[in-house]
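# Coordinate analysis (summary)
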Amino acid sequence: MNHHVPNAQDCLTQHTMNDQGARGRNSNVQLSLWDIESYTPLTAKDVEQELIIPDSLDPTCMPADGLWRNVDLIQGYQRMNDLQLETAIQSFEKALNGPSANTQEIEQMILICRDWTNHKLPKTTTLTILEEWLVEYQNYAFPSHVHTFKRALLRQFARKITPDTEGSLNLAEEIFDAHLDNQDYLHADDFITELISVVPDQRYRLYYLIAQAKYLAGRGHNLADEYYCIAMLHEPDPGMIPRVIPEELRELIREHGMALAPVIYTITRILPVYRLDKQMTKRDEEHLQAIEAYMLLLETEQARQQKSIHNLKLLGRQFSEMFPGVFAVYQRMVSAEKALKLKSFFMDKV
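Here's what I pulled together on the structure shown here. Fair warning: this is a prediction, and the values are worked out from it, not measured in the lab.

The rules we used
Residues numbered from 1 in each chain as written. Predicted model: local features only at pLDDT ≥ 70, side-chain atom pairs only at ≥ 80, totals over all residues. Heavy atoms only, no water. Helix = DSSP H or I, 4+ residues; strand = E, 2+ residues; numbered from the N terminus. Buried < 20%, exposed > 50% of the residue type's maximum accessible area, 1.4 Å probe, protein only. Contact = heavy atoms within 4.5 Å. Areas by Shrake-Rupley, 256 points an atom, 1.4 Å probe, with all protein chains shown as cover. Arc of directions from axis to C-beta. Phe/Tyr/Trp six-rings, centres within 6.5 Å; stacked < 30°, edge-to-face > 60°. Patch = residues over 30% accessible without salt bridge, like charges linked within 9 Å, V, L, I, M, F, W, Y side chains within 5 Å. Salt bridge = Lys/Arg side-chain N within 4 Å of Asp/Glu carboxyl O. Lys, Arg positive; Asp, Glu negative; His and termini not counted. Charge placed at Lys NZ, Arg CZ, Asp CG, Glu CD.

This part takes up the overall build of the protein chain. A count of helical and extended segments in the protein chain gives 17 helices and zero strands. Expressed as a percentage of the 350 residues in the protein chain, the buried residues total 47%. Contacts spanning at least 24 positions in sequence make up 63% of the contacts within the protein chain whose residues lie at least 6 apart. Looking at the protein chain as shown, the accessible area adds up to about 18,000 Å², and 48% of this sits on carbon and sulfur atoms.

Glancing now at helix α12 (residues 247-256). Those residues of α12 that sit buried are Leu249, Leu252 and Ile253. For α12, the arc enclosing every buried residue in end-on projection is 105°, short of the 170-degree limit, so these residues lie on one face. Along α12, the residues that are exposed and aim more than 90 degrees away from the buried face are Arg254 and Glu255. Packed against the buried residues of α12 are α11 (221-234) and α13 (261-268). Following α12 by one or two positions, Gly257 has its phi on the positive side, about 95°.

Before going further, it helps to examine unusual backbone geometry. Here Gln183, not a glycine, exhibits a phi torsion of approximately 55°, which is positive. Mapped onto the elements of the fold, Gln183 is located in the loop between α8 (166-181) and α9 (185-198). With a relative accessible area of 39%, Gln183 lands in the partly exposed category. Within the chain, Ile270 stands out as a residue other than glycine whose phi angle is a positive 55°. Inspection of the secondary structure puts Ile270 in the loop between α13 and α14 (285-305). The buried category is assigned to Ile270, whose relative accessible area is 3%.

The next point concerns the environment of Ile192. Assignment of secondary structure puts Ile192 in helix α9. Residue class for Ile192 comes out buried when judged on its relative accessible area of 0%. For the pair Ile192 and Tyr208, spaced 16 residues apart in the sequence, the C-alpha separation amounts to 10.0 Å. The contacts of Ile192, once residues within four sequence positions are left out, are Phe176, Leu206, Leu209 and Ile210.

This next bit is on the packing of aromatic side chains. Evaluated as defined, the whole model comprises 15 aromatic pairs. Relative to Tyr207, the ring of Tyr204 lies with its centre 5.6 Å away and its plane at 90°, an arrangement referred to as edge-to-face. Residue Tyr204 and its partner Tyr207 are located together in helix α10 (residues 203-217), separated by three residues, close to a single helical turn. Members of the aromatic cluster, joined through ring pairs, are Trp116, Trp133, Tyr137, Tyr140, Phe142, Phe149 and Phe157.

Moving on: a positive patch on the surface. Taken together, the side chains of Lys120, Lys123, Arg159 and Lys160 make up a positively charged region of the molecular surface. Take Lys160: it is sitting in the loop between α7 (147-158) and α8. Owing to a relative accessible area of 37%, Lys160 belongs among the partly exposed residues under this scheme.

Our next topic: α13. Owing to its 3.6 residues per turn, the α-helix aligns residues three or four sequence positions apart on the same side. For α13, the buried fraction is high: seven of the eight residues fall into the buried class. Those residues of α13 not exposed but buried are Ala261, Pro262, Val263, Ile264, Tyr265, Thr266 and Ile267. At its buried positions, α13 is contacted by α10, α11, α12, α14 and α16 (324-336). Two residues or fewer after α13 comes Ile270, characterised by a positive phi angle close to 55°.

Written out as structure tokens, the structure is:
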């Protein structure tokens, strides 16, 4: 079997991991420790029905009896959720004369529709207009039973963003956080993925956000771990630590620093070892050392997979001398998998 080392820039944006858990963890499955699987794309449409919290209080989800015989009321909510606000107002006004009409509730819905009709964005916008709209949205007192409408408003607004400046990129992060507040994790993920296609030079900063959304969605943790590691290896930004969810990774950051933590996490979580961006800027000596450790891990693992004993001895000695702590973790993981008996190779005298 010919093993290859994929490029992080290509693989992370095109593939998602199989949902069977970390590779090689099942002792009954004979896989190389860092075997690279064939990934299957996972989109929001595939899993949305499983993850979106239903509008349990929304009349459109209730049985059509009793209060819900008021057809105009049901249509009002449906049109409201579709952001057809003017026709929603018309339906709600008709519902006031319908059976079992709750006048206070219906008038509140009419008011909400009118408010957001008045806050409709103009065709031509500026960054200031967009920022003001988002502030208004975040401060608005949405009733708990209209969160489908609340989500729809934000999704529509997000399509207005063109992250061509630092300010607009910061606004995009605020929109992402608003998606998280709405528990709309899949659309938060999709939103950032689309941004990366527009501003690929910002991808490593945005990988932190994608990883956070995947963890909060409760799916794709292994792929999220890959995003975290690639982001931290290229841009170990302490300001992004609040977006790091897995406690094991946070503990490694506290113990080893943000630059070296993803190297060790890659080993302990049995993640793919990617070729890094050769053009990356090394922030400091700690970052430079972490990249050297990662590259030694990559070369050592390549030699192990290819069963190149001579190279394995040479690289293993170099790895153990330069980064004894990281190498010890690697050696333990490989030994635990009962792959090659690395210790006997590395300790032999030449």
